[in-house]
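These are the residues of each chain, in order.
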Amino acid sequence: VQIVRGDINKDGAVDTRDADILARYFAGWAGYEEKILDKAAADMNGDGALTRKDGMILARKAVGWTQNID
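Quick caveat: nothing in here was measured; it's all calculated off a predicted structure.

Draft legend 1. Broad picture of the side chain of Asn9. By the secondary structure assignment, Asn9 is in the segment before helix 1 (16–26). Aside from chain neighbours lying at most four places away, what touches Asn9 is Arg17, Asp18, Ile21, Lys35 and Leu37.

Here's what the structure looks like:
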């Protein structure tokens, strides 16, 4: 099984929808943990932990930021 870093809702794209889901999950919004369909893909820096840093990296990737992404 191939992991696409950032495609947490498994729709085939890494975009702001993924970043929004992760941000709302960290903010404690109800129902957003269930929207993370691939927690391994949400671990953007590959350190084995799902943290706000992963959210920051995903948000940057979703908008095309390529410098110092991690």
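Draft legend 2. The environment of Arg52, seen in detail. With respect to the helices and strands, Arg52 occurs in helix 3 (residues 52–62). For Arg52, a relative accessible area of 57% corresponds to the exposed category. Counting along the chain gives 27 residues from Arg52 to Tyr25, while the straight-line C-alpha distance between them is 9.9 Å. Engagement of the side chain of Arg52 in a polar contact is seen with the backbone oxygen of Phe26, the distance being 3.0 Å.

Draft legend 3. View of unusual backbone geometry. One non-glycine residue, Lys10, adopts positive backbone phi at about 55°. Within the element layout of this structure, Lys10 appears in the segment before helix 1. For Lys10, a relative accessible area of 49% puts it in the partly exposed group.

Draft legend 4. Summary view of the packing of aromatic side chains. Within this structure, the stated rule accounts for two aromatic pairs. Both rings, one in Tyr25 and one in Phe26, keep their centres 5.3 Å apart while their planes meet at 55°; by these two values the pair is tilted. With 5.8 Å between their ring centres and 80° between their planes, Trp29 and Tyr32 make a pair best called edge-to-face. On the basis of relative accessible area, Trp29 is assigned to the partly exposed category, the value being 46%. Residue classification places Tyr32 among the buried residues on the basis of a relative accessible area of 13%. Lys35 extends its terminal NZ or CZ atom over the ring of Tyr32, reaching a point 5.1 Å from the ring centre. One residue, Arg60, lies across the ring of Trp65, its end atom 4.1 Å from the ring centre.

Draft legend 5. Representation of the pattern of salt bridges within the structure. Per the stated rule, a full pass over the model turns up four salt bridges. Among the salt bridges present, the one from Arg17 reaches Asp11, with a minimum N-O distance of 3.6 Å. Notably, a salt bridge pairs Glu33 with Lys39, separated by 3.0 Å at the nearest N-O pair. A relative accessible area of 42% means that Glu33 is categorised as partly exposed. What emerges from the salt-bridge pattern is a single network uniting Asp11, Asp15 and Arg17.

Rules behind the numbers
- Residues numbered from 1 in each chain as written.
- Predicted model: local features only at pLDDT ≥ 70, side-chain atom pairs only at ≥ 80, totals over all residues.
- Heavy atoms only, no water.
- Helix = DSSP H or I, 4+ residues; strand = E, 2+ residues; numbered from the N terminus.
- Contact = heavy atoms within 4.5 Å.
- Buried < 20%, exposed > 50% of the residue type's maximum accessible area, 1.4 Å probe, protein only.
- Polar contact = N/O pair within 3.5 Å; in protein donor to acceptor, adjacent residues only side chain to side chain.
- Phe/Tyr/Trp six-rings, centres within 6.5 Å; stacked < 30°, edge-to-face > 60°.
- Lys NZ or Arg CZ within 6 Å of the ring centre and 35° of its normal.
- Salt bridge = Lys/Arg side-chain N within 4 Å of Asp/Glu carboxyl O.

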